[in-house]
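Listed here are the chains, written in short residue letters.
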Amino acid sequence: MNSPSHLPALIVGAGPIGLACAISARRAGVESVVIDAGALAHSIVRYPIGMVFFTTPERLEIGGHPLVCAGAKPTREEALKYYRGVARAEGLTVQPFTRLVTARRVDGVIQCTIATRSATTVLSGDRLVLATGYFDHPNMLGVPGESLAHVSHWFDEPHLTSGLEVVIIGGKNSAIETALQCYRAGAKVTLVYRREEFKPSVKYWLRPDLDNRIASGEIRARMGATVVAITTDTVVIRNGAGEEEQLRADRVYALTGYHPDFDLLRDIGITLEEATGRPALNPETLESNVPGVYLAGSAGAGRNTSEVFIENGRYDGEKIFGDAGRRRDAEARYQAHSRPVGE
Ligand SMILES: Cc1cc2nc3c(=O)[nH]c(=O)nc-3n(C[C@H](O)[C@H](O)[C@H](O)COP(=O)(O)OP(=O)(O)OC[C@H]3O[C@@H](n4cnc5c(N)ncnc54)[C@H](O)[C@@H]3O)c2cc1C
């Protein structure tokens, strides 16, 4: 790694929020290095190919750089190009494929163990900002067969499901959008949801489309059903009356949400609220109970990952690196943009 062994700030996670933090640090005169276990904006890299954001472009912008897109809302590809361009224009130091393994506060500095493909090293920093998101850690169903090769907790590309029997587990925006896309790519889709009804937070443009497909039998829905097991070619579900059914499945998408890396946070010494997984943070500065360690973006939301997203999390860097005025401004913008985009 080409960075010095002591840094004023190490920012972990080169997602939209980690990059926004690095811009805030730079504008506050604090030198920082951003590392990411994957590529720059790796969570967006893992979005389905061709995905269109729920959010309009101006609400995804960081550092005041305009996000220009061809349609009303940006695609995955346009967003990747944008965040790459912002990092370049701001001259940010981003070290991809470099993972934070752990960190400890020792003698007033944060000792960070980081690993690349070929080496593990220790860096020290005055401040450590964890902007590690949640997308690497799916909420597991905890049923037999969940780790079979045809089961995925991430939706990749509709085309891959053409001509297949596909079971989608979940009933929020991502699961519903996946069901519609797979259906349109020529899959036979069954949606399995543990609740009897879809939540009102389902996007207004998805709901009528889904309702019509279910009413016409083009997509099958099993509401109020839980998954009991997954085999190489079936998903076994149980309904509220306790009856079991075997659904044929060539491909299974278990889209039941994600959570931050609780093990890493605990290992660093951050206190998490038992019920919610929410870290102990100073709401004004986002500093955790470990002095010098901050949480930004979705990583700080606990299990309720739909609470912090790009629209509102993009101001977190100002809370961490700004003065009192910039913090107040950031909080006002956070509140103004805190309307959930769905999971
Ligand atoms: C399909 C989908 C659609 C979405 N649509 C929208 C939308 O329209 N609008 C919106 O505002 N939000 C949307 N979101 C939510 C949005 O993606 C997240 O809120 C956003 O990515 C959070 O940004 P972040 O920078 O906090 O975390 P992330 O973007 O998840 O970035 C975290 C980064 O940290 C890295 N990392 C994790 N652990 C380590 C480690 N130990 N060491 C080093 N690096 C690490 C990861 O590789 C990743 O690149 C959507 C999410 C999904 C899944």
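Residues numbered from 1 in each chain as written. Predicted model: local features only at pLDDT ≥ 70, side-chain atom pairs only at ≥ 80, totals over all residues.

Any chance you could explain the overall build of the chain here in plain terms?
Within the chain, the regular secondary structure consists of nine helices and 15 strands. Since a compact globule built from 343 residues should have a radius of gyration of about 20 Å, the 21 Å found for the chain is in line with a globular shape. Across its three principal directions, the C-alpha atoms of the chain cover 60 × 40 × 35 Å. Taking all 343 residues of the chain together, the buried fraction comes to 40%. Restricting the contact set of the chain to residue pairs at least 6 apart, pairs at least 24 apart contribute 63%. (Helix = DSSP H or I, 4+ residues; strand = E, 2+ residues; numbered from the N terminus. Rg over C-alpha atoms; globule rule 2.2 N^0.38 Å. Buried ≥ 20, exposed ≤ 12 C-beta atoms within 10 Å, placed from the backbone. Contact = placed C-beta atoms within 7 Å.)

I keep staring at the pairing of strand 14 (residues 251–254) and nothing clicks. Help me out?
In summary, the side chains of a regular strand alternate between the two faces of the sheet. Both strand 7 (residues 151–152) and strand 14 contribute to a ladder of two bridges, which runs parallel. Counted as the bridge partner of S152 is Y253 from strand 14. Bridging between strand 8 (residues 165–169) and strand 14 involves four bridges; their strand directions are parallel. Paired with V167 across the bridge in strand 14 is V252. (Pairing = 2+ DSSP bridges.)

Even after reading the chapter, I still don't get the nonpolar core, so can you show me in this structure?
What tends to happen in soluble globular proteins is that the nonpolar side chains get buried as a cluster. L10, L19, C21, V129 and A296 are the most contacted members of the largest nonpolar core, which totals 59 residues. Counting residues per element, this core draws most heavily on helix 1 (residues 16–27), which supplies seven residues. In this view, A296 contacts I17, G18, C21, V129, A131, L286, G313, D316, G317 and I320; residues no more than four positions away in its chain are not counted. L141, I168, Y183 and A249 belong to the second largest nonpolar core, which has 30 residues in total. (Core = buried A, V, L, I, M, F, W, Y, C linked by C-beta atoms within 7 Å.)

Please explain the sheet that holds strand 11 (residues 226–230) as it appears in this structure.
The strands that make up a sheet are held in pairs by hydrogen bonds between backbone atoms, and each pair lies either parallel or antiparallel. Strand order in the open sheet made by the three strands is 11-12-13, with antiparallel pairing throughout. Every interior strand has two partners, whereas the edge strands, strand 11 and strand 13 (244–248), have only one. With direction set aside, neighbouring strand axes in the sheet form an average angle of 30 degrees. Sheet topology note: the strand 12 (residues 234–238)/strand 13 ladder contains five bridges and is antiparallel. Opposite T234, over in strand 13, you have R248 as the bridge partner. (Axes fitted to C-alpha atoms, helices over the stretch in contact; angles between N-to-C directions.)

Whenever I open this one, the domain arrangement of the chain confuses me. Can you help?
One frequent convention defines the size of an interface as the accessible area lost when the parts assemble. Domain annotation for the chain reports domain 1 (6–137 + 258–336) and domain 2 (151–254). On a C-alpha basis, the centres of domain 1 and domain 2 stand 32 Å from each other. Tallying the contact residues gives four residues for domain 1 and five residues for domain 2. (Domains from an automatic or database assignment.)

Help me understand the site of the ligand, please; the structure alone is not making it clear to me.
As a structural note, the neighbourhood of the ligand is formed by 36 residues, with G13, G15, I17, G133 and G297 the closest of them. Taken together, the elements giving at least two residues each to the shell around the ligand come down to helix 1, helix 2 (42–45), strand 4 (99–106) and helix 7 (310–313). The residue inventory of the shell around the ligand, partitioned by class, reads 18 nonpolar, 13 polar and five charged. (Near = placed C-beta within 6 Å. Nonpolar A, V, L, I, M, F, W, Y, C, P; charged D, E, K, R; others polar.)

Is there a simple way to explain helix 1 in this structure?
Note on helix geometry: an α-helix contains 3.6 residues per turn, so any two residues three or four positions apart are oriented the same way. Here helix 1 is twelve residues long and its end C-alpha atoms lie 17 Å apart, about the 16 Å a rise of 1.5 Å per residue gives. Burial analysis of helix 1 places ten of its twelve residues in the buried class, which makes it a mostly covered element. Buried within helix 1 we find P16, I17, G18, L19, A20, C21, A22, I23, S24 and A25. Of the surrounding secondary structure, the elements contacted by the buried residues of helix 1 are strand 1 (6–12), strand 2 (32–35), helix 3 (76–89), strand 6 (120–130), helix 7 and helix 8 (316–321). Two residues or fewer past helix 1, G29 is found with a positive phi of approximately 80 degrees. (Expected span 1.5 Å × (residues − 1).)

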